[in-house]
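Here's the letter readout for the chains.
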Amino acid sequence: MTEPMIRVRGLHKSFGALEVLKGIDIDIHPGEVVVLFGRSGSGKSTFLRCVNFLEEPTTGSVEVAGVEVSAGPPTRQRKSAIRDLRIRCGMVFQQFNLFPHMTVIENVMEAPLRVKGESTADVRDRALALLVDVGLDDKADEHPIRLSGGQQQRVAIARALAMQPQVMLFDEPTSALDPELIHEVLAVMKRLAETHSTTMVVVTHEMGFAREVADRMCFFHEGIIFEQGTPAEMFAQAREPETQRFLDAVI
Amino acid sequence: MTNKADGEAVPQTRHGLAHSLEVASLRVPFRVKVALVWAVIAVLLAVAFTRSGFDVEWMIEKAPAIVKGAWVTVLFSVIAITGATLLALLGALGRVSRNPIAYGVSGFYTSFFRGTPLIVQLFLWYLALPQLAQGLLPQEYAQWFIWPAQVAGIVGIAFNYGAYMTEIFRSGIEAVPHGQSEAAEALGMSYRQRMRRVVLPQAARIVIPPTGNEFIAMIKDTALIGLLGTTLLWADPFRVAQLTGKADFRNLEALIVAALVYWGLTGIFSFFQRKLETRMSKGYVRTVPA
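Here is a short report on the structure shown in this document.

Broken down by element type, chain A carries nine helices and 10 strands. Taking 251 residues into account, the globule formula puts the C-alpha radius of gyration at 18 Å, and chain A, at 18 Å, falls close to it. The principal-axis extents of the C-alpha atoms in chain A amount to approximately 50 × 45 × 40 Å. Counting every position in chain A, which comprises 251 residues, the buried fraction comes to 55%. Counting every atom, chain A has about 10,600 Å² of accessible surface; 48% of that belongs to carbon and sulfur. Here chain A contributes 27 positively and 35 negatively charged side chains, and the mean placements of these two sets differ by 5 Å.

A word on the nonpolar core. Residues A:L131, A:I157, A:M168, A:F170, A:M189, A:M200 and A:M217 are the most contacted members of the largest nonpolar core, which totals 50 residues. A total of eight residues in this core trace back to one element, the largest contributor, which is helix α6 (residues 179-195) of chain A. Among residues more than four places away in sequence, those in contact with A:M217 are A:V35, A:F37, A:M207, A:A210, A:E227, A:Q228, A:G229, A:P231, A:M234 and A:F235. Core analysis: the second largest hydrophobic core is formed by 49 residues, B:L118, B:L122, B:F169 and B:I225 among them.

The element helix α3 (residues 104-114) of chain A is largely enclosed, with a buried count of eight among its 11 residues. Along α3(A), the positions that sit buried rather than exposed are A:V104, A:I105, A:N107, A:V108, A:M109, A:E110, A:A111 and A:P112. Close packing links the buried residues of α3(A) with α4 (120-133) and α5 (149-161) of chain A together with α11 (191-221) of chain B.

With that out of the way, let us pick up the sheet that holds strand β10 (residues 224-229) of chain A. All names here are of chain A. Across the sheet, six strands lie side by side as β6-β7-β8-β3-β9-β10; this open sheet has mixed pairing. Edge positions in the open sheet fall to β6 (89-92) and β10, since each of these has one partner strand only. Going across the sheet, the axis of each strand differs from the next one's by a mean of 20 degrees, ignoring polarity. In terms of strand pairing, strand β3 (residues 33-38) meets strand β8 (residues 199-203) through four bridges, oriented parallel. Residue pairing across strands places L36 opposite V203, the latter belonging to β8. Its contacts with the sheet put α6 on β3, β7 (167-171) and β8, and the angle it makes with β8 is roughly 150 degrees.

Across the boundary between the two partners, chain B contributes 22 residues, which contact 25 residues of chain A. For the interface between chain B and chain A, the tally reads three salt bridges. Among the salt bridges present, the one from A:R86 reaches B:E185, with a minimum N-O distance of 3.1 Å. Our enumeration of links across chain B and chain A arrives at nine residue pairs in polar contact (both at pLDDT 80 or more).

A few words on the packing of helix α5 (residues 70-95) of chain B against helix α6 (residues 100-115) of chain B. Residue and element names in this part refer to chain B. Running from amino to carboxyl end, α5 crosses α6 at an angle of 125 degrees, the nearest separation of the two axes being 7 Å. It follows from the interaxial angle that α5 and α6 lie oblique. As α5 packs across α6, the resulting crossing turns out to be left-handed. Residue-level contacts link L87, G91, G94 and R95 of α5 to A102, Y103, S106, G107 and Y109 of α6.

Now for the pattern of salt bridges. All names here are of chain A. Within the structure shown, the criterion is met by 21 salt bridges over all chains. Across the pair E32 and R216 runs a salt bridge, and its minimum N-O distance is 2.9 Å. A residue pair is termed long-range when its members are at least 10 positions apart, and E32 in the loop between β2 (18-28) and β3 and R216 in strand β9 (residues 216-221) qualify at 184 residues. With relative accessibility at 12%, the residue E32 sits in the buried group. Between R39 and E242 there is a salt bridge whose closest N-O contact spans 3.1 Å. Of this pair, R39 sits in the loop between β3 and α1 (44-51) while E242 sits in helix α9 (residues 241-250); the two residues are 203 residues apart in sequence, bridging distant segments of the chain. Judged by relative accessible area, E242 falls into the buried class, the value being 17%. A cluster of three or more residues bridged by salt bridges with shared partners is formed by E3, R7 and E63.

Within the secondary structure, A:Q151 is located in helix α5. Those residues within four positions of A:Q151 in sequence are excluded, and the remaining contacts are A:L136, A:K139 and A:E184.

What follows covers α5(A). End to end, α5(A) covers 18 Å across 13 residues, agreeing with the expected 18 Å (1.5 Å per residue, within 8%). Buried residues dominate α5(A), accounting for 12 of its 13 residues. All of the buried residues along α5(A) are A:G150, A:Q151, A:Q152, A:Q153, A:R154, A:V155, A:A156, A:I157, A:A158, A:R159, A:A160 and A:L161. Those residues of α5(A) that are buried lie in contact with β6, α3, α4, β7 and α6 of chain A together with α10 (178-186) of chain B.

With that settled, consider the pairing of β7(A). Residues and elements named next belong to chain A. Within β7, five of the five residues are buried, leaving the element largely enclosed by the surrounding structure. Side-chain alternation along β7 places V167, L169 and D171 on one buried face and M168 and F170 on a second face that is also buried. Across four bridges, β6 lies against β7 in parallel orientation. In the sheet register, M91 faces β7, and the bridge partner there is L169.

About the thresholds
Residues numbered from 1 in each chain as written. Chains lettered and ligands numbered in written order. Predicted model: local features only at pLDDT ≥ 70, side-chain atom pairs only at ≥ 80, totals over all residues. Heavy atoms only, no water. Helix = DSSP H or I, 4+ residues; strand = E, 2+ residues; numbered from the N terminus. Rg over C-alpha atoms; globule rule 2.2 N^0.38 Å. Buried < 20%, exposed > 50% of the residue type's maximum accessible area, 1.4 Å probe, protein only. Areas by Shrake-Rupley, 256 points an atom, 1.4 Å probe, with all protein chains shown as cover. Lys, Arg positive; Asp, Glu negative; His and termini not counted. Charge placed at Lys NZ, Arg CZ, Asp CG, Glu CD. Core = buried A, V, L, I, M, F, W, Y, C linked by side-chain atoms within 4.5 Å. Contact = heavy atoms within 4.5 Å. Pairing = 2+ DSSP bridges. Axes fitted to C-alpha atoms, helices over the stretch in contact; angles between N-to-C directions. Salt bridge = Lys/Arg side-chain N within 4 Å of Asp/Glu carboxyl O. Polar contact = N/O pair within 3.5 Å; in protein donor to acceptor, adjacent residues only side chain to side chain. Parallel < 35°, antiparallel > 145°, perpendicular 65-115°, else oblique. Left-handed = near helix turned anticlockwise from the far one by under 90°. Expected span 1.5 Å × (residues − 1).

Here it is, written out as structure tokens:
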């Protein structure tokens with residue numbers, strides 16, 4: 001087996017007295033699509049946000065594409081390691097979080113220009129190509145407010161991809177969308193997984209997407225990965241009654 | 001029962017008159033009515049002034065000197081708002097910082113300058129600072145802190161308004177949804193980049209209306225600088241009006257002119273402020289108003 005793309009060891013996270021993550025260990029391989037699911041409060045989103053240090057883990061370590069960062073104080077050296085790690089991780093949020101004061105193409109170009117310091121011409125070409133990919137090149141010069149939720153989320157995916165990350169993290173990317181717009185976002189994600197073989201970690205309740213696209217599903221329960229397996233295994237018969245109960249409830 | 005009979009009988013005619021007046025009034029547009037109210041106020045004031053022996057000729061003769069002071073007001077205000085904006089930006093970044101020095105210094109700054117009267121602060125800069133400098137520094141350096149009244153006044157106003165604007169800017173920064181900064185963070189942007197490229201441009205839109213109000217208040221407060229004492233060259237409309245009015249015992253005429261100058265300046269600025277707000281709303285309204 002090749003080196004894992006993401007390696008997480010002994011990850012704990014507490015908010016005050018509340019321990020949300022109680023020791024997560026996982027290896028995710030290049031090109032693998034992992035779906036994290038579970039009840040709200042089970043720690044799946046917190047885990048995802050710990051992977052790129054939007055939440056500071058209490059203890060443990062995360063390695064993404066060869067950049068390893070452990071829990072610790074915010075020293076200058078550690079901060080720069082976290083930035084290196086983030087450049088390798090694209091993230092898509094439930095609320096899209098596009099920059100409202102910039103046009104669509106400016107949103108996509110911002111990070112490659114400012115963070116990587118690439119030339120405007122190169123970045124513009126790549127940004128336009130990405131907007132073509134997500135079917136929104138005709139909206140390049142609009143402000144995000146003129147777009148539907150599904151369109152905004154597709155721009156958010158293009159914005160994350162513009163940094164040419166090695167890993168994509170999706171934090172409930174369709175939960176804020178109207179039902180009829182969910183499909184267009186899932187279609188973009190599916191193409192990403194299948195034709196670009198991007199390594200993806202997806203927190204979602206879309207079990208249809210999980211069944212079709214995921215290589216592995218991890219059931220989060222009370223701060224640990226309670227059970228994991230391929231979608232085929234999971235949907236046929238989960239080993240744990242707890243997992244089965246949840247699956248029965250959401251399907 | 002009797003009440004009901006009264007209620008129907010007596011006000012019937014009155015009701016008819018009030019009713020027809022109301023109907024007539026409905027045909028007059030609201031704006032016309034408001035204009036009428038303003039006109040009535042103007043007439044009342046004119047009558048009051050005339051009866052008090054208001055000397056229009058004197059006013060017309062002396063007005064240009066007073067109006068000329070407006071450039072002093074504008075100059076002082078522009079310098080002071082520039083300084084206040086810079087101070088407020090630093091102050092606000094301090095207020096949202098987790099660095100104890102930045103947080104502590106900005107906290108002291110807003111507390112002191114919002115907690116003491118502006119006029120006291122002006123005199124502190126003008127009279128007390130030189131004394132402090134003399135006590136602390138060798139003579140040749142201490143002299144640098146003996147400022148003309150105009151400089152002390154502008155610095156004083158900038159620091160005072162900067163403190164109020166710090167709180168405006170801070171609340172503007174905090175009003176930008178946290179997800180914005182988080183998205184920028186996830187893209188690998190540094191603290192500086194997040195602030196400069198994502199948070200502050202959005203906060204700017206939020207703080208423009210209240211900052212405009214501060215500027216309007218500042219235009220008027222520059223009149224206080226004259227109280228430190230000033231030369232005729234740097235005299236603002238209020239100062240000129242005081243001097244000329246006192247000389248001829250025409251205080252009413254002179255001060256009215258000064259008041260009109262400030263009123264006009266704030267009116268002009270309010271107009272531009274509205275224009276700016278419309279321009280800044282780009283990206284926040286689905287259809288731009290024509």
